[in-house]
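Breakdown of the fold
The lines below spell out each chain.
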Amino acid sequence: MVRKNTYNETFGVDISKDVFDVYGSTVGHDQYKNDESGFRKFLKALPDTSLVVMEATGYYHYRLAQFLYKNGITVPVVNPLSVERFIQMKLAKVKTDKSDAKAICEYALINEVPLYNALTDIQSECLQLFRLLDAYLKQRTTTKNKIHGEVVLGVPSKFVYRSLIRNKKQLNKEATAIESMILSLVKVDQQEQLTLLTSIHGIGQKTALFLIVVTDGFSKFETASQLCSYVGITPTIRESGSSVRGRARISKVGNRKPRNVLFLCSFNACKHNKACKEVYERIVNKGKRKKLALIAVANKLLKQSFAIAKSGRPYDETYVSVLRVK
């Protein structure tokens, strides 16, 4: 986290496809092109010891964050949902790129903001590969559904059916090639950690690869609670007084992709992972919903992964103390 009193100027940055708006705590608003020339112009205009804060917006924020980081600028990247809720609390009636940049600046002035760590070339390529893999898997699911629809209809068009089959085979081929590429890249730096994580019942190779990449080998986090907050894999309770008794549900604050991956892993973990099975049965036996129990299992899996990665010891369900982390 950043100590804001050590910086002379705090900037909030709102990034779009073509431009990025900047709002300084004392210098006010400015706008630059979202390209290399705009980055250099902004860098030149920055006062000494500046803090530049931006939202995590996928491709758009990545290039600027990498550029500033490599040029020695402190760059926190914040959760867009946190800023959105901050704006809602202020009851703001105006929403423009300029006002959003100002809101990010104001948010950073009164809240602790996480530092951005530049990605290595391997990390960057792995993340791109995971995004492409995710896109192909979604296409494959859509194709499978269409094939099923054709079968239900009695295959009225053999050409359409055969085209869909060819498309599914090609998507399978591409997905396999991407997974192999990710595996070969991660093995360069993280073979030992990959072996450790896959020793956990419920964590497969694909999930282990993804966790290693998005957490930078778990080096981004000091405690398991920090990691759980980042992923957003903790249940939220909605209760107020005697009248409001909302269902507990998963937190929406956090990185959605690892959260979804871990939730899918929880179905297998609650059957074959002793600690996860105990968590699941304890919650279900209290009359709670199965979905809430699966969220708790996903949380347990993530804490197990953190403990194993940090300890450097393979998973052993007889050593409970290994799993007791903050």
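Residues numbered from 1 in each chain as written. Predicted model: local features only at pLDDT ≥ 70, side-chain atom pairs only at ≥ 80, totals over all residues. Heavy atoms only, no water.

**Comments concerning the environment of D21**
Counted only if it meets this: Each helix is a run of H or I in the DSSP string that is no shorter than four residues. Each strand is a run of E no shorter than two, and both are numbered from the N terminus. Here, residues are in contact when the closest pair of their heavy atoms is within 4.5 Å. Pairing of N or O atoms within 3.5 Å defines a polar contact, subject to two protein rules: one partner must be a possible hydrogen donor and the other a possible acceptor, and residues neighboring in sequence count only if both atoms are side-chain atoms.
Position of D21 relative to the elements: it lies in strand 2 (residues 19–24). Put simply, D21 and T96 are 75 residues apart on the chain and 9.8 Å apart in space, counted from C-alpha to C-alpha. In this view, D21 contacts G12, V13, D14, H29, D30, Q31, D97, K98 and A101; residues no more than four positions away in its chain are not counted. There is a polar contact of 2.7 Å between the side chain of D21 and the side chain of H29.

**Looking at the environment of K277**
Here K277 is to be found in helix 10 (residues 274–285). Sequence separation between K277 and S266 is 11 residues, and the spatial gap between their C-alpha atoms is 9.5 Å. Apart from residues lying up to four places away in sequence, K277 is in contact with A269, C270 and K271.

**Observations regarding unusual backbone geometry**
Positioned with a positive phi, D216 is a non-glycine residue whose angle comes to about 55 degrees. With respect to the element layout, D216 can be found in the loop between helix 7 (205–214) and helix 8 (224–231).

**A word on the nonpolar core**
Note the cut-off: By convention a nonpolar core is built from buried Ala, Val, Leu, Ile, Met, Phe, Trp, Tyr and Cys residues, the set being connected through side-chain atoms within 4.5 Å. A 1.4 Å probe rolled over the protein chains alone gives each residue an accessible area, and that area as a share of the maximum for its type sets the label: buried under 20%, exposed over 50%, partly exposed in between.
If you look at the biggest cluster of nonpolar residues, it comprises 74 residues, and the most contacted ones within it are F20, V52, M54 and L68. Beyond its immediate chain neighbours, meaning those up to four positions away, V52 contacts F11, V13, F42, L46, L68, I73, T74, V75 and P76. Judged by nonpolar contacts, the second largest core, of nine residues, contains V53, V78, I104 and Y107.

**Observations concerning the pattern of salt bridges**
Convention followed: Here, a salt bridge means any side-chain nitrogen of Lys or Arg that lies within 4 Å of a carboxyl oxygen of Asp or Glu.
Across all of its chains, the model carries two salt bridges by this definition. K206 is the salt-bridge partner of E179, the closest N and O atoms lying 2.9 Å from each other. You can see E179 sitting in helix 6 (residues 158–197) and its partner K206 sitting in helix 7, a full 27 residues away along the chain. On the basis of relative accessible area, E179 is assigned to the partly exposed category, the value being 27%.

**Considering the pairing of strand 3 (residues 28–33)**
So the rule is basically this: DSSP-based pairing: two strands are paired if at least 2 bridges between them are found.
Here strand 2 pairs with strand 3 via six bridges, running antiparallel. When the bridges of strand 3 are listed, V22 appears paired with D30. In this antiparallel pair of consecutive strands, strand 2 and strand 3, the connection spans three residues.

**Overview of helix 1 (residues 36–45)**
The test is simple: Directions pointing from the helix axis toward each C-beta atom define the arc.
All of the buried residues along helix 1 are G38, F39 and F42. Projection of helix 1 onto a plane perpendicular to its axis shows the buried side chains occupying an angular sector of 100 degrees, all on one side. Counted as exposed and oriented over 90 degrees from the buried face of helix 1: K41 and K44. Along its buried surface, helix 1 packs onto strand 2, strand 3, strand 4 (50–55) and helix 2 (59–70).

**Quick look at the sheet that holds strand 3**
In plain terms, the rule: Geometry is summarised by axes, namely lines fitted to C-alpha atoms with helices restricted to the contacting stretch, and by angles between N-to-C directions that run from 0 to 180 degrees.
As summarised here, the arrangement of the five strands in space is 3-2-1-4-5, forming an open sheet in which the pairing is mixed. Since the sheet does not close on itself, it has two edges, and those belong to strand 3 and strand 5 (77–78), each with one partner. Where helix 4 (residues 97–110) meets the sheet, its contacts fall on strand 1 (9–15), strand 2, strand 3, strand 4 and strand 5, and the angle it forms with strand 1 comes to roughly 140 degrees.

**Section: the packing of aromatic side chains**
Short version of the rule: Stacked, tilted and edge-to-face are the three classes assigned to paired rings of Phe, Tyr and Trp, where Trp is represented by its six-membered ring and a pair needs centres within 6.5 Å; plane angles under 30 degrees give stacked, over 60 edge-to-face, the rest tilted.
Tallied over the full model, the rule gives 10 aromatic pairs. Plain terms: the ring middles of F11 and F42 are 6.0 Å apart, the flat faces sit at 85 degrees to each other, and that makes the pair edge-to-face. A residue pair is termed long-range when its members are at least 10 positions apart, and F11 in strand 1 and F42 in helix 1 qualify at 31 residues. Under the relative-accessibility criterion, F11 is labelled buried at 5%. Taking 5.2 Å as the distance between ring centres and 50 degrees as the angle between the ring planes, the aromatic pair formed by Y32 and F42 counts as tilted. Highlighted residues: Y32 in strand 3 and F42 in helix 1, separated in sequence by 10 residues.

**Structural notes on a negative patch on the surface**
The condition is simple: Like charges are joined within 9 Å and nonpolar side chains (Val, Leu, Ile, Met, Phe, Trp, Tyr) within 5 Å, but only among residues with over 30% relative accessible area and no salt bridge; these make up the patches. Accessible areas in this description were obtained via Shrake-Rupley with a 1.4 Å probe; residue shielding takes into account the shown protein chains only. We count Lys and Arg on the positive side and Asp and Glu on the negative side, and we leave His and both chain ends out. Note that the charge is assigned to NZ on lysines, CZ on arginines, CG on aspartates and CD on glutamates.
Together, E278, E281, D316 and E317 make up a region of like negative charge exposed at the surface. Residue position: E278 is located in helix 10. You can call E278 partly exposed: its relative accessible area is 44%.

**Focus: the packing of helix 10 against helix 11 (residues 290–311)**
For the record, the criterion: The cut-offs work like this: below 35 degrees is roughly parallel, past 145 is roughly antiparallel, 65 to 115 is roughly perpendicular, and the gaps in between are oblique. Two helices crossing with the near one rotated counterclockwise from the far one by less than a right angle form a left-handed crossing, whereas a clockwise rotation gives a right-handed crossing. Throughout, the ten residues Ala, Val, Leu, Ile, Met, Phe, Trp, Tyr, Cys and Pro are labelled nonpolar, Asp, Glu, Lys and Arg are labelled charged, and all others, Gly among them, are labelled polar.
Between helix 10 and helix 11, the shortest axis-to-axis distance is 9 Å and the interhelical angle comes to 155 degrees. Of the possible angle classes, the one that applies to helix 10 and helix 11 is roughly antiparallel. Pair helix 10 / helix 11 crosses with right-handed handedness. Contacts between helix 10 and helix 11 involve A275, C276, V279, Y280, I283 and V284 from the former and K290, A293, L294, A296, V297, K300, L301 and Q304 from the latter. Residues of the contact of helix 10 with helix 11, tallied by class, amount to 11 nonpolar, one polar and two charged.

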